[in-house]
Amino acid sequence: MRTSKKSITSLLLVILTISFLSGCANTEPELTAPKFEIPAEPKSFEDMLENPNSVVYWAWKKSADQVIKNTTSKAQFTVEVGPNTIADNTNPDGGINLASRLYLDFEKQIPTKFVYFEHKDVDWAQSKVNEFHGRNIQGWQKNEANKMCPSEDQCRGASAMTSFDKKSALVIVGSSPTGKTTRNNTEGPLEAHEYTHIIQDSQQGKYLGNLPRWQVEGEATFAQNAAVYFDDYEKYLEARESVIGTLVYTVKPDVEWLTEFISPKGGYTYGGAAWDKYDGARIYDVGMAITEVLTALAGPSSTMQLSQLVGEGLSYENAFTKIYGVKWDEGVRIIAQILVKVFNS
């Protein structure tokens, strides 16, 4: 997206010197002197509509501040690797711990097992899924590993799942030759994405699925890059571009398209069937862009609080109004307008 290339010149590149190990910062960050003008921090949706260049920077900055403040992860996890597998990421701790630090106020410390497998170990991975769900396994879950990993090189996805009582979680992660060459699979974003889903699930409880699909995947997609690249704005922009480029340059959504996508006229049902008519990538890239707007305004905790309030029984629309101070319909309209300006900046 042009915002992440062209608008860099209008933003301050803040270089943070951070030392961390297993999610724990050892020193306080040191900020260099400003090199570019920082856009004014948005205090309202109207501010972002007037100055769309503030959105991306302040979404990243407020998330970076949260990770820096929360120096210790509370994540409880173990890692298993298939008997014939070399995992794409040989040090997954970083992404998991950074996601925990980003949403530390919502961390319920659910013991989580990360299972890595290549195509040759797909049956082994499926056995882990079967064992995790036991008698409660659903029909579609009985083929989860095979769906994720149909061949040696098409084995790069991941799937996060929590137990019915929310006392344990499992993440299965495909590994492949191509995956071993990508930042997303080797530097921690994939793990941060999936662990964000575990935190979301822990908040939603029995109301799991009562949020827009773009909220669930968009927040996790934002978190995967904001958490892992909290100390490097340039890398955040590069990772963001890899997610959002097709949306900006090919789809080119307008206000009407975005309004319908954010809040379908027919409403949305459990499971999010309202978004089935769109390319599957849209719940990730549009969802990430919406999450940036909300985070730039009220910080990363605000978007996870949506899951928390829905888990307490509020509708998503009422939870939105409670957190952001505007009615849902009004919020949808102005977010769509902001996004068009961000995409064209």
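These numbers were taken from a predicted model, which means no experiment stands behind them.

**A closer look at the packing of aromatic side chains**
At step 1: Taken as a whole, this structure holds 17 aromatic pairs when the rule is applied.
At step 2: Pairing Tyr233 with Tyr236 gives two aromatic rings, centres 6.5 Å apart and planes at 15°, and the pair type is stacked. With Tyr233 and Tyr236 both in helix α10 (residues 233-251), this residue pair falls 3 residues apart, about one helical turn.
At step 3: Aromatic side chains Trp257 and Phe261 sit 5.3 Å apart centroid to centroid with 5° between the ring planes, which places their arrangement in the stacked category. Residue Trp257 and its partner Phe261 are both found in helix α11 (residues 255-262); the two are separated by 4 residues, about one turn of the helix.
At step 4: A residue is classified by how much of its surface remains accessible, and Trp257, at 23% relative accessible area, is partly exposed.

**Concerning the packing of helix α8 (residues 189-204) against helix α13 (residues 300-311)**
At step 1: Across the interface, α8 lies against α13 with an axial gap of 7 Å and an inter-helix angle of 30°. As summarised for this structure, α8 and α13 are arranged roughly parallel, according to the angle between their axes. Of the residues in α13, those in contact with Thr196, Ile199, Gln200, Gln203 and Gln204 of α8 are Met304, Ser307, Gln308 and Gly311.

**Thoughts on the environment of Gln215**
At step 1: Within the fold, Gln215 resides in helix α9 (residues 213-228).
At step 2: For Gln215, the contacting residues outside a window of four places in its chain are Gln200, Thr303, Leu306 and Tyr316.

**Quick notes on unusual backbone geometry**
At step 1: Even without a glycine there, the phi angle at Lys166 is positive, about 60°.
At step 2: Looking at the element boundaries, Lys166 is found in the loop between β5 (158-162) and β6 (169-174).
At step 3: Even without a glycine there, the phi angle at Lys252 is positive, about 50°.
At step 4: Inspection of the secondary structure puts Lys252 in the loop between α10 and α11.
At step 5: Residue Lys252 is classed as exposed on the basis of its relative accessible area, which comes to 58%.

**Let's talk about the pairing of β5**
At step 1: Note that β5 and β6 share 5 bridges and pair antiparallel. Bridge pairing in β6 links Thr162 to Ala169.
At step 2: The antiparallel pairing of β5 with β6 creates a hairpin that spans 6 residues between the two strands, and Lys166 there sits at a positive phi of about 60°.

**Some remarks on the nonpolar core**
At step 1: Among the nonpolar cores identified, the biggest contains 81 residues, and Phe45, Tyr236, Phe320, Ile335 and Phe343 are the most heavily contacted of them.
At step 2: It is helix α15 (residues 328-343) that contributes the most residues to this core, 10 residues altogether.
At step 3: In contact with Tyr236, not counting residues within four places along its chain, are Val56, Trp60, Phe222, Asn225, Ala226, Tyr229 and Glu292.

**What about the sheet that holds strand β3 (residues 77-81)?**
At step 1: The strand order across the open sheet built from 4 strands is β3-β4-β6-β5, with neighbouring strands paired in mixed fashion. Where the open sheet ends on each side, the last strands, each with one partner, are β3 and β5. Each neighbouring strand pair of the sheet contributes to a mean axis angle of 15°, computed without reference to strand direction.
At step 2: When strand β4 (residues 112-117) meets β6, the two strands line up parallel, connected through 6 bridges. Residue Thr112 lies in a different strand from β6, and its bridge partner there is Ala169.

**Points about the confidence of the model for the chain**
At step 1: For the chain, per-residue confidence averages 89 on the pLDDT scale, and 88% of positions sit at 70 or higher.
At step 2: Low pLDDT (under 50) marks residues 1-28, which in the prediction has 89 contacts with non-local residues, meaning those over four places away or in another chain.

**A closer look at the state of the cysteines**
When the sulfur atoms of two cysteines share a covalent bond, that bond is a disulfide.
At step 1: Scanning the model with the defined rule gives 1 disulfide in all.
At step 2: One disulfide in the model links Cys149 with Cys155; its S-S distance is 2.0 Å. The disulfide joining Cys149 to Cys155 has a torsion of about -105° about its S-S bond and is therefore left-handed. Assigned by exposure class, Cys149 and Cys155 land together as buried.

**Some thoughts on empty space enclosed by the protein**
At step 1: Evaluated as defined, the whole model comprises 1 cavity of 30 Å³ or more.
At step 2: The space that makes up the largest cavity amounts to roughly 30 Å³.
At step 3: In terms of lining, the largest cavity is formed by Glu107, Lys108, Gln109, Ile110, Tyr195, Ile198, Ile199 and Ser202.
At step 4: Residues belonging to the lining of the largest cavity are distributed by class as follows: 4 nonpolar, 2 polar and 2 charged.

**Here we look at the pattern of salt bridges**
At step 1: Evaluated as defined, the whole model comprises 15 salt bridges.
At step 2: Salt-bridge contacts for Glu41 lead to Lys43; the nearest nitrogen and oxygen are separated by 3.6 Å.
At step 3: On the accessibility criterion, Glu41 (31% relative accessible area) is partly exposed.
At step 4: The partner of Arg183 in a salt bridge is Glu238, and the shortest N-O contact between them spans 2.8 Å. With Arg183 in helix α7 (residues 183-186) and Glu238 in helix α10, the pair connects residues that are 55 residues apart, well separated along the chain.
At step 5: On the basis of relative accessibility, which here comes to 38%, the residue Glu238 falls in the partly exposed class.
At step 6: Three or more residues are tied together by salt bridges with common partners; here these are Asp88, Glu118, Lys120 and Lys180.

Rules and cut-offs
- Residues numbered from 1 in each chain as written.
- Predicted model: local features only at pLDDT ≥ 70, side-chain atom pairs only at ≥ 80, totals over all residues.
- Heavy atoms only, no water.
- Phe/Tyr/Trp six-rings, centres within 6.5 Å; stacked < 30°, edge-to-face > 60°.
- Helix = DSSP H or I, 4+ residues; strand = E, 2+ residues; numbered from the N terminus.
- Buried < 20%, exposed > 50% of the residue type's maximum accessible area, 1.4 Å probe, protein only.
- Axes fitted to C-alpha atoms, helices over the stretch in contact; angles between N-to-C directions.
- Parallel < 35°, antiparallel > 145°, perpendicular 65-115°, else oblique.
- Contact = heavy atoms within 4.5 Å.
- Pairing = 2+ DSSP bridges.
- Core = buried A, V, L, I, M, F, W, Y, C linked by side-chain atoms within 4.5 Å.
- pLDDT = per-residue confidence, 0-100.
- Disulfide = S-S within 2.5 Å.
- 1 Å grid on protein atoms, 1.4 Å probe; cavity = no way out; pocket = protein on both sides within 12 Å on 5 of 7 lines; lining within 4 Å.
- Points joined across faces, edges and corners; volume = space filled by probe spheres on them.
- Nonpolar A, V, L, I, M, F, W, Y, C, P; charged D, E, K, R; others polar.
- Salt bridge = Lys/Arg side-chain N within 4 Å of Asp/Glu carboxyl O.

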